[in-house]
Structures are given as C-alpha cells and as structure tokens.
Amino acid sequence: MDAESVEPIHIEFDRMRCHSCGHEQICDLYQIKFGWNETVPMDRVPHRVWHVLPDERFYDLWQALSARSHGRPIFERLRDAYDEPHRAYHTARHIGACLRLFDAPEVARLATHEAEVEAALWFHDAVYDTHTRTNEEESAALAQQLLVSDGVAPEVAARIAAHVLATRGHVAETQDAQLVIDIDLSILGAETPEYERFEREIRTEYAWVDEAAYRAGRSAVLRSFLERDRIYGTAIIRERLEARARSNLATALLQLASPGALPC
C-alpha cells in the first residue's frame, strides 16, 4: 500500500469516530451492540442523541416485513419523531429499552410473528402529543399507511397497527399484542432510580398541566394499574417485574398525595 492510499483511509476512520464516546464505529451500531438506550449515562447524551436508534436493525426489520424499499426514509421519519423537543420519556431511549427487552431470547420466542412485534415497538409512540388523546390511533394509522405504501402485505400491516392500538387501553386480543403491551409497560417494574427518572420525565412532558390537575390525573393512571389483578399478561415478564412495578406504583402514589412540588 503506497503513502497516498493511507491518508484517505485514516480520514475515513476519523470521520467514523464518535466525538462523544470515542468509539470507532458509527454510534447506531455501538448502541445496539453494547450500550442500549436506557442504560446510556445521560452525561454521554449531550444533544438528546437521535442516533441511538439502531438504523441497520431497522433496515433488516423492514426487509423481514417484505417491504419494497430499504426503509431509510421511514427510519428517518421515526428518528425525527422520537427526537421531537417536547418529548422527555417517549424518546429513542424508550424505543431502545423496548427492543433490548425484546432481544432476550426467552421473550422474543413468545412472539407468534417476531418481525410484527418488533415493528409495533418501533411505531407505538411515533405520534406523541400530551395535548391530545389520539396518539395511539394516529401512531397505528401512520404505521399502517407507511407499511402498506411500501409494499408490506395489508394483513401484516393491519396486525402491526392493531398491536400499536392495543397500547392505548393496555388490553390485548392476541398474544403478540400482549407482548407489545408488556414490553411497553416494563418501565413500571424498573429499578427505583430508573423509575423515578421516568416519573420526572412524564411530569416534564405534562409541564403545561397545573400541579393539582397533574397529581389527580397521574394518580388515576397509576392507580388503574395497581387495581388490576395482573399488570403484566406475559408470564415471564410478570415473574420478573410485577412485584417491583407494584412497589414503584405505590410509592409514586404516596408522593403524588404528599404536599410539595413534584420535581420536573
């Protein structure tokens, strides 16, 4: 190899080096293989890091769904959605956490149609606006429209959209929909620091709601989960997370009932 051929290669590798973490790979791949979104320390995420969404994984999924295109425009649309500035919890980190749990072999094998469950996880919060009550319906409609327009079979797109819609009331009619719901709700059973961050981020997303109204509304939501016979319908997730979820919810309800401003 002559001297002239070395310099361009050096420049290319320097371009690929992440200037936040120093890793010499594109950050999308670093996150999916090693870091994953919910476990990335926040001091390593200086700009909300839209790139934590794993692009190569999405392209593989898009092909598994027999779409016509490589999926890049769809990925970019989802990436932009999850990086919207009004989001604090419902971001790329949440999608990464869902995919990370789904990657556990004992969880993934529960899916009847694995690619469809994963697609529903990618799309389930694609539309998120705390001022409306139609986020799930709009996310489901967007998923179905984008899937069908890129050649995915209508029946496949319809199932994926149904899984997304099931996250609205957290009631499932199929095993795959239940799996999507339980993965989405896995944050309720997180370790205490992570759960507390979740509550702070939800409060940030509803910063426009006054304190009394927020406390009443949030308490009603959390209490509705506690009043269920089972929070999680999937046995393996219930065994892992149910007890801690109930403890987290009970503690959060006590905090909501206590005087003093909630942290944002």
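In the block above lies the structure referred to throughout.
Worth saying up front: this structure is predicted, and the values here are computed from it rather than measured. (Residues numbered from 1 in each chain as written. Predicted model: local features only at pLDDT ≥ 70, side-chain atom pairs only at ≥ 80, totals over all residues. Heavy atoms only, no water.)

(A) Examining the overall build of the chain more closely. Along the chain, the regular secondary structure elements total 13 helices and 0 strands. Reading the chain from its N terminus to its C terminus gives the helix and strand order α-α-α-α-α-α-α-α-α-α-α-α-α. Looking at the 264 residues of the chain, the share that counts as buried comes to 47%. Across the chain, contacts joining residues at least 24 apart in sequence account for 65% of those joining residues at least 6 apart. (Helix = DSSP H or I, 4+ residues; strand = E, 2+ residues; numbered from the N terminus. Buried < 20%, exposed > 50% of the residue type's maximum accessible area, 1.4 Å probe, protein only. Contact = heavy atoms within 4.5 Å.)

(B) Unusual backbone geometry, seen in detail. A positive phi angle, near 65°, is found at serine 66, a position not held by glycine. Mapped onto the elements of the fold, serine 66 is located in the loop between α3 (55–64) and α4 (72–82). Of note in this structure, histidine 170 is not a glycine but carries a positive phi near 55°. Of the residues examined, histidine 170 reaches a relative accessible area of 16% and is grouped as buried.

(C) Just helix α12 (residues 211–226), in detail. For α12, spanning 16 residues, the distance from its first C-alpha to its last is 22 Å, which sits close to the expected 22 Å at 1.5 Å a residue. Every buried residue of α12 is listed here: Tyr214, Arg215, Arg218, Ser219, Leu222 and Phe225. Summarising the axial view, the buried residues of α12 lie within an arc of 120°, below the 170-degree limit, and thus occupy one face. Exposed side chains of α12 directed beyond 90 degrees from the buried face belong to Ala212 and Ala216. With a side-chain oxygen positioned 3.1 Å from the backbone nitrogen of alanine 212, the residue opening α12 is aspartate 210. (Expected span 1.5 Å × (residues − 1). Arc of directions from axis to C-beta. Polar contact = N/O pair within 3.5 Å; in protein donor to acceptor, adjacent residues only side chain to side chain.)

(D) The arrangement of the packing of α3 against α4 in detail. Their axes nearest at 10 Å, the elements α3 and α4 cross at an angle of 130°. One element, α3, and the other, α4, form an angle in the oblique class. By crossing handedness, the relation of α3 to α4 is classed as right-handed. Contacts between α3 and α4 involve Asp55, Phe58, Tyr59 and Trp62 from the first element and Arg72, Ile74, Phe75 and Leu78 from the second. (Axes fitted to C-alpha atoms, helices over the stretch in contact; angles between N-to-C directions. Parallel < 35°, antiparallel > 145°, perpendicular 65-115°, else oblique. Left-handed = near helix turned anticlockwise from the far one by under 90°.)

(E) Spatial organisation of the nonpolar core. Counting residues in hydrophobic clusters, the biggest one holds 66 residues, and the most contacted among them are Phe58, Leu65, Phe102, Trp122, Phe123, Ile183 and Leu188. At 7 residues, helix α13 (residues 235–257) tops the list of elements feeding residues into this core. Among all residues touching leucine 65, those that are not within four sequence positions of it are Ala115, Glu116, Ala119, Leu147, Val152, Val156 and Ile160. (Core = buried A, V, L, I, M, F, W, Y, C linked by side-chain atoms within 4.5 Å.)

(F) Representation of the packing of aromatic side chains within the structure. Under the counting rule described, the total for this entry stands at 10 aromatic pairs. When the ring of phenylalanine 58 is compared with that of phenylalanine 75, the centres are 6.0 Å apart and the planes differ by 45°; the resulting orientation is tilted. Of this pair, phenylalanine 58 sits in helix α3 while phenylalanine 75 is found in helix α4, placing the two residues 17 residues apart along the sequence. Phenylalanine 75 shares its class with phenylalanine 58; the two are buried. In this structure phenylalanine 58 comes out as buried when scored by relative accessible area, which is 0%. Ring-pair connections join several aromatic residues into one group, and the members of that group are Phe58, Tyr59, Trp62, Phe75, Trp122 and Phe123. When the ring centre of tyrosine 214 is taken as origin, the NZ or CZ atom of arginine 203, which lies over that ring, is 4.3 Å away. (Phe/Tyr/Trp six-rings, centres within 6.5 Å; stacked < 30°, edge-to-face > 60°. Lys NZ or Arg CZ within 6 Å of the ring centre and 35° of its normal.)

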